[in-house]
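Per-entry structural report
Each chain is listed here by its residues.
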Amino acid sequence: MIRIGIVGGTGYTGVELLRILALHPECVISVVTSRSDAGKRVDELYPNLRGFVDGVFVEPSANALAGCDLVFFATPNGTAMRMAEALLAQGVKVIDLSADFRLKDPAVWAHWYGESHVSPHLLQEAVYGLPEVNRALIRSARLIACPGCYPTSVQLALLPLVESGAIRLDRIIADVKSGVSGAGRKAEIPMLMSETGESLKAYSVKGHRHWPEIRQGLEQAAGQTVGLTFVPHLIPMIRGIHATVYAELNAGYGDLQALFEERYRGEPFVDILPPGSHPDTRNVRGVNRCQIAVHRPLEGNTVVILSVIDNLVKGAAGQAVQNMNLMFGVEETVGLRSVGLYP
Ligand SMILES: NC(=O)C1=CN([C@@H]2O[C@H](COP(=O)(O)OP(=O)(O)OC[C@H]3O[C@@H](n4cnc5c(N)ncnc54)[C@H](OP(=O)(O)O)[C@@H]3O)[C@@H](O)[C@H]2O)C=CC1
Ligand SMILES: CC(=O)N[C@@H](CCC(=O)OP(=O)(O)O)C(=O)O
């Protein structure tokens, strides 16, 4: 059995990890941390876990986590980079759901995250945990940087086009909407129901920290620089991400539906929908799945890709468990097979 530690067990991605891991046959949840709820029973804070998760939250420390085989960080940016090294030195593997190890260049990381990176050498070692790209590297990694939620939806939408040279790389547009759980559980006025409940707005148009992450992934796939406009939006739903991605086709681009079906053939968690489909976030709610549809509008030389995920599952905790399965030699889909809720 894999002995699991979760740092940040009271947050939205933390409790989603608990929900998935509670039913995982190869895991035992050994340590779950919280500073503000230390001493409280996990199922007192989250009664949905009654009968599935036993134990109390404990204060986070390398000592408390040392007996684990694997520690997930479901913490704000800037936390894992301060604790990962001590754990790795004790032979504990680490999967970070935050952005601490996603960017390879420490200067770029410092620019977008507002402080210097405290473990820059680990940026080189960390494997970007997008299994549809890095499956072989993930299997032998001891430190995984789980992709952000927006970057997961956008990269999966674009990889077949970028890898095959089907589109112009200098004018890609990603228009992406997120539910409010993407901002986490912390209390903030802009996230109140009365602020977001009947309202839709874009934000960070000038630059969002997921922009360099998406670009890094696309540039690795293309082998050259890309030009990307990324505009995130906050929409009045709890879970879900809907990406609408626009790109200009190059001459001789071929059958796009076949391109996507071929690229993701055998991928357990990417579902290419039939031609003409319009994916809906509710169909992936609570499941580790990305549904994608490829469209050619009537006019122009544009391809439009629609991509939906649950930000807390394929965009965070589910993808983290997918990585765990690969790292520990467990069949990739174990603990992750489920069907979305409808309606
Ligand atoms: N929400 C989402 O859709 C997604 C989130 N992510 C990333 O995952 C990470 C977690 O997100 P989310 O679950 O939404 O966040 P939340 O704000 O909901 O939860 C954060 C958790 O971290 C703990 N925590 C906060 N500060 C520290 C600290 N300094 N040391 C140890 N524990 C700490 C909190 O508990 P306490 O303060 O009691 O210790 C809490 O349990 C973030 O980096 C986020 O960007 C990634 C993809 C999607
Ligand atoms: C809706 C919303 O606020 N979303 C978050 C991004 C989600 C996320 O958690 O991103 P990281 O993992 O990179 O921190 C935001 O825009 O800041």
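Calculation notes
Residues numbered from 1 in each chain as written. Chains lettered and ligands numbered in written order. Predicted model: local features only at pLDDT ≥ 70, side-chain atom pairs only at ≥ 80, totals over all residues. Heavy atoms only, no water. Buried < 20%, exposed > 50% of the residue type's maximum accessible area, 1.4 Å probe, protein only. Helix = DSSP H or I, 4+ residues; strand = E, 2+ residues; numbered from the N terminus. Pairing = 2+ DSSP bridges. pLDDT = per-residue confidence, 0-100. Near = heavy atom within 4 Å. Polar contact = N/O pair within 3.5 Å; in protein donor to acceptor, adjacent residues only side chain to side chain. Areas by Shrake-Rupley, 256 points an atom, 1.4 Å probe, with all protein chains shown as cover. Nonpolar A, V, L, I, M, F, W, Y, C, P; charged D, E, K, R; others polar. Domains from an automatic or database assignment. Phe/Tyr/Trp six-rings, centres within 6.5 Å; stacked < 30°, edge-to-face > 60°. Lys NZ or Arg CZ within 6 Å of the ring centre and 35° of its normal. Salt bridge = Lys/Arg side-chain N within 4 Å of Asp/Glu carboxyl O.

It is worth spelling out the pairing of strand E7 (residues 172-178) at this point. Only one face of E7 is buried, namely the one carrying Ile 172, Ala 174, Val 176 and Ser 178, since none of Ile 173, Asp 175 and Lys 177 on the opposite face is buried. Bridging between E7 and strand E9 (residues 228-234) involves seven bridges; their strand directions are parallel. Each residue of the ladder has a partner; that of Lys 177, found in E9, is His 233. Across six bridges, the pairing between E7 and strand E10 (residues 241-248) is antiparallel. Bridge assignment links Asp 175 to a residue of E10, and that residue is Thr 244.

Attention shifts here to the confidence of the model for the protein. Here the protein shows a mean pLDDT of 96. Residues at 70 or above account for 100%. In the model output, the complex is listed with pTM 0.97 alongside ipTM 0.97.

Thr 10, Ser 34, Arg 35, Ser 36 and Thr 75 are the nearest of the 28 residues found near ligand 1. In this structure, an oxygen atom belonging to ligand 1 sits 2.8 Å away from a side-chain N or O atom of Asn 311. Computed on the free molecule, ligand 1 has an accessible area of 890 Å², of which 85% lies beneath the protein chains in the complex. At the level of secondary structure, the elements contributing two or more residues to the shell around ligand 1 comprise helix H1 (12-21) and helix H12 (313-327). Residue composition of the shell around ligand 1, grouped by class: nine nonpolar, 16 polar and three charged. Residue assignment places the shell around ligand 1 across two domains, with domain 1 (2-125) and domain 2 (150-311) each supplying three or more.

Applying the stated criterion across every chain, the model contains three aromatic pairs. Aromatic side chains Trp 109 and Tyr 113 sit 4.9 Å apart centroid to centroid with 20° between the ring planes, which places their arrangement in the stacked category. Remark: Tyr 113 and Trp 109 occur in helix H5 (residues 106-113); sequence separation between them is four residues, near one turn of the helix. The burial state of Trp 109 is the same as that of Tyr 113; both residues are buried. Ring centres of Tyr 150 and Phe 230 lie 5.3 Å apart, and the angle between their planes is 70°; on these two criteria the pair is classed as edge-to-face. Note that Tyr 150 is positioned in helix H8 (residues 149-164) and Phe 230 in strand E9, a separation of 80 residues in sequence. Note on accessibility: Tyr 150 and Phe 230 belong to one class, buried. A cation over an aromatic ring shows up here: Lys 93 above the ring of Phe 328, its NZ or CZ 4.9 Å from the ring centre.

Evaluation of the coordinates by the stated rule reveals 22 salt bridges. Among the ionic pairs, Arg 82 bridges to Glu 115, the shortest N-O distance being 2.7 Å. With Arg 82 in helix H4 (residues 80-89) and Glu 115 in the loop between H5 and helix H6 (120-125), this pair connects stretches of sequence that are 33 residues apart. The exposure class assigned to Glu 115 is partly exposed, which follows from its relative accessible area of 29%. A salt bridge links Asp 310 to Arg 239; its shortest N-O distance comes to 2.9 Å. Highlighted residues: Asp 310 in the loop between strand E13 (302-309) and H12 and Arg 239 in the loop between E9 and E10, separated in sequence by 71 residues. For Arg 239, a relative accessible area of 22% puts it in the partly exposed group.

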